[in-house]
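# Overview (structure and organization)
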Amino acid sequence: MGTATFAVLGALLLVLQTSSLVSSEDPPCSAGFSSDAFIFRVGRRRLHSGMRLGKVGFSDCSDRRRFVFNSEDSRFNVQTDGVITVKRHVVLHEGHKDFNVHAWDSEGNKFTAAIRVQHDGGHHHGDQHHGGHHHGDPEHQHDNRDHGHHQGNHEKHHQHGHQTESPTLPVVAVEDAPSRQKRQSLEEDVVIYFPKATKGLKRRKRDWVIPDINIPENGRGPFPKKVSQIRSCDDKDRVIYYSITGPGANQPPVDLFTMDKYTGILYVTRPLDREVQSNYTFEAHAVAEGAGQAETPMEINVIVIDQNDNCPIFTKDTYIAEVAESSPLNFEIFQVTATDADQPGTLNADIRYKIIDQDPKAPAPDMFTINSVTGFIRVNAKGLDREKNPKYTLEIEAADMVGEGLTGKTKVILTVTDSNDNAPVYTETQLEEDVVIYFPKATEGLKRRKRDWVIPDINTPENDRGPFPKKVSQIRSSDDKDRVIYYSITGPGANQPPVDLFTMDKYTGILYVTRPLDREVQSNYTFEAHAVAEGAGQAETPMEIKVIVIDQNDNRPIFTKDTYIAEVAESSPLNFEIFQVTATDADQPGTLNADIRYKIIDQDPKAPAPDMFTINSVTGFIRVNAKGLDREKNPKYTLEIEAADMVGEGLTGKTKVILTVTDSNDNAPVYTETQFTATVPENKEGAQVVKMLVTDKDDPHTPAWNAKFTIIDGNQNGLFAVATGINKQEGIITTAKGLDFEKTQKHTLLVAVENEVPFAVPLPTSTATVVVTVTDVNEPPIFEPVVKKVSKREDLAVDQEVVLYTAFDPDTARNQKVMYRIVSDPAGWLNVAKDTGLVTVKSPMDRESLFVKENDIYTALIGAYDDDEVPATGTGTLEIQLIDVNDNGPSIEERSFKVCNKEPAPQLLTVTDKDGPGFAAPFTVLLEGSTKANWTARMNETKTGIVLQLATELEPGDYNVELHVTDTEGEAQMSTVQAQVCACKGPDVMCDDRAIGGTPLPLILGVLAGIMLLLMLVLLLLLFARRKRVEQKEPLIQDDIRDNIYYYDEEGGGEDDQDYDLGVLHRGLDNRPDIFRNDVAPSREFIQVPQYRPRPANPDEIGNFIDDNLKAADNDPTAPPYDSLLVFDYEGGGSDAGSLSSLNSSSSGDQDYDCLSDWGPRFKKLADMYGGGDDDDMI
């Protein structure tokens, strides 16, 4: 055996020395580069053109030695023999340059290798070579340092007057690049740069024993994946190169683990499988540049942490056994056995058994039971009868995770024997007792002598079953051989909450976990380890320990809802995404434990196909999988969805999805009738024309059932509108504008009906024809234009023509006559000819009237009506712009003022003119009458005001000042202003009211008192005279009945002939305040009331005031007299005539009219009618 081993090693050594293109173990020839990456080290940063860097090895498994190469960086050239040279000047600013080189074999397949040109200052060697996979060979490293020949193929080159570059160091594979045996596609590979190292805690003086490194199996990458980092604390003082050797490194499985040469980072390049190999042990090396070995090689032990990735497997697919029909209860018949490739003693391999089916289920469905731990099948019920049920088939399930994990199944066929004369024979032996697995004691690994290693993290799986406390790792000081060392830990999980989760043996440094960990509660713990020497204090600097809790598949997927409710339209196409279900898993994200897959495990009903729906196993989106959804046949589906982790092979969770099939618009609305007729009067907007009913077989009161109507023809002018009725199944056509009988007497509409949503499938559109007949109505005449504007002088003479304002009758077929009248003429200035519409002046117009509005516009309404039985009236607006003429004299605004009689201040009087510009200012003024002697008057500077000055000192009193004011066109007006002259001096007027007009007040009062006494005396005499008068009675008619001439009245020849008491005319209601008028004015709500002119301040304007308001009152329907009780006057009391009350009819009706016969022949007829004469006797 030893001889064979040395022979193999010798052969391998010979191959390594022959060619660097061949690895330590040559596989069968495969085309490709000799290495995935090459590093060429140079001694300067500036590379000149023509510089040779080295050579890459490539083979296509033929005799060819030259190939076509291509460099991604145009500054470098690759010759056909693989030699790389500098094409043009290059500067290594960052100390290195990375690029890819491509080559093609004879079949056109593309291969790629990564190239790094690395600056290594201070070392210049004459040989260059390409890197191979020799990174773990100490002899190879030694040759590099001595600049000699190393194992692997190389080429020699002579120096040409300059220093040549150093040889390239071996490549450290740190990424999961494709192997050189794997053919690549034409796409370029992505270059993965190695991550930088992170600092860990380092000791100062003494060594720690490195604990094992735990890595979970089935890691999902990306690869290469960092596992740990190995560093020497001397790397700050000199350059250290790291490497690993041993199984998993440079020995099979080769390159499973790699180490970054410069950082010491340990990588795993592909997923581990605990069932293939549960641990790996190799050595780490640290070499100082130019100084040889920097550290003693250190042993690294990698433990692969188990994951639940194996289902239980029964030892047989089908078991056959017998059971006697007379077997008692709990009789053990047979044992089934299943194994699990996962780690023994963990939940991943803890199997439980159960019977999931029995056939037949007679005489009881549970005739047998199984021990869930041992797998022994026992009789569970009485009634075994070979004649009735000679054979039973049982379906057995085995599940790990104590029955909650992955499952495996088998069948057991039990034959019921006739009697119990033969003991049952087992096909499998009884399960042995559980083997107690003792944890291996800590082995003393290789330890450094002088410097420290950085301690990697400790990985511990969750849910460990113990027994506890359970060893996790061991911390030891290399000084424990010389003196007694005591170990302890502090921090969270030790002496801080959760307290005592981790403990450490004081004497051995063994780290224990005291109870199961739960990654979902806390994923890592960080605390410090201490080493104290007996009697000497601290032996080591406290070291940080980080424990990573490795996830186990101990959580089932959980859906966000127990039941999902969704809808799917019956017309949904295939692969239509309906809805998404989502499940979460509390296990570690990014691992198989949380990698969920979905599937539909049941559909109810299973019509028209059992797979009407499908689900995306990754996203959870449910899609339509088959045609045939029909709301009328299957209005609802219930789906049972299962989510399973471990990519669908692990723990499961379930939910329900209730899908309601909604109605699709697969039925078109149809009119109940296709022809409709209607009659509509003209000029009526918004009139209802017709209602059209439709039917629809879709689901009522849904968008697919609700109707929508459109007029598609016959409505070019937009005369009609169509709307949907409240019940959504009728269309209502109305007139959008007034129809015109004279233009079109009949309209034909084509109306289409659809639904609120488009048809789900192609369907014909139903249409209906609506014939609308327009009926004629009497339309009012129409003025053209509606508003007539004219300009006229305000002094246009009476009966002069203003304008001809006519209207036409739109009822051309009726041949009616149009007549005119005034509808509104606020000032009463206009007339209109009834037959012609000629507007003329009725009374003089006045631009200054209150009825004239803005811009001198006077507005009147003219009515036009036809001669129909029910006349129709139209109105037109006449706007007359009155042109101003100079028909108003200037007037003075101030009617009175006060002034001192001594040194009086001048008075400024304001002059206004109602006429417009050009007929007003500038004004002139003249004093009239006696005013000239005492006053002076002149115009102010603007010629719009009068400066009046008292020129003579007058006695205090009231004086009238007459002023004659003329406008610019010569129109004049006399104005009288009352001046109250007061006994004062200067501008401050102080008047004494005791004197008026120069007469003393006591004298005036005395005169008034005398007058009053005289009037009272006259009244007393008149009363006395009336009381003394004797009433004389005379017969109405003398006895002489001859025809005589009677004088009933005598008017006289004039006022001088009669003695009239004119004072009676001045006595009115003032004498009888108890008599009042009961006026009831009409409502003004619908009546246009003219505006009355306010009372002027100037008495000279009284005449115009009365004329204007008289015209307004004549046109004011609300002005008195009203249709009500009016008391016009009261003439006083004490009349000499007798009372007329005796003329009232008697209540009894027995009035005596016989006296009428005594009045003569003229009263005979009355006597006969009322007195009961001869006529009564004849009756």
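See the structure above.
Residues numbered from 1 in each chain as written. Predicted model: local features only at pLDDT ≥ 70, side-chain atom pairs only at ≥ 80, totals over all residues. Heavy atoms only, no water.

Moving on, we get to unusual backbone geometry. With an omega dihedral of -5 degrees, the bond running from F223 to P224 counts as a cis peptide bond. Tracing the chain through its elements places P224 in the loop between strand 12 (213–216) and strand 13 (225–229). Following F468, the chain continues to P469 via a peptide bond in cis, the omega torsion being -5 degrees. You will see that K728, though not glycine, has its phi angle at about 65 degrees, which is positive. The phi dihedral of D799 is positive, around 75 degrees, even though this residue is not glycine. (Helix = DSSP H or I, 4+ residues; strand = E, 2+ residues; numbered from the N terminus.)

What follows covers the pairing of strand 68 (residues 957–966). Sheet analysis places strand 65 (residues 924–927) next to strand 68, joined by 4 bridges and oriented antiparallel. Its bridge partner being in strand 68, T924 is matched across the sheet by T966. With 10 bridges connecting them, strand 68 and strand 69 (residues 972–985) associate as antiparallel partners. Note that in strand 69 the partner of V965 across the bridge is Q973. Hairpin connection from strand 68 to strand 69: 5 residues lie between these consecutive antiparallel strands, with G970 at a positive phi of about 90 degrees. (Pairing = 2+ DSSP bridges.)

Pairing is mixed across the open sheet formed by 4 strands, whose spatial order is 20-27-26-23. A strand with exactly one partner marks an edge of an open sheet, and here the two such strands are strand 20 (318–324) and strand 23 (352–359). Averaged over neighbouring strand pairs, the angle between their axes works out to 30 degrees when direction is ignored. One ladder, built from 7 bridges, connects strand 20 with strand 27 (residues 407–417); its direction is parallel. Bridge pairing in strand 27 places Y319 opposite V412. (Axes fitted to C-alpha atoms, helices over the stretch in contact; angles between N-to-C directions.)

Attention shifts here to the packing of aromatic side chains. Using the criterion set out here, one finds 26 aromatic pairs in the structure. Both rings, one in Y319 and one in F334, keep their centres 5.5 Å apart while their planes meet at 65 degrees; by these two values the pair is edge-to-face. On the criterion of sequence distance, the pair formed by Y319 in strand 20 and F334 in strand 21 (residues 332–335) is long-range, its members being 15 residues apart. Accessibility assignment for this pair places Y319 and F334 in one class, buried. (Phe/Tyr/Trp six-rings, centres within 6.5 Å; stacked < 30°, edge-to-face > 60°. Buried < 20%, exposed > 50% of the residue type's maximum accessible area, 1.4 Å probe, protein only.)

This is a description of form; function is not addressed.
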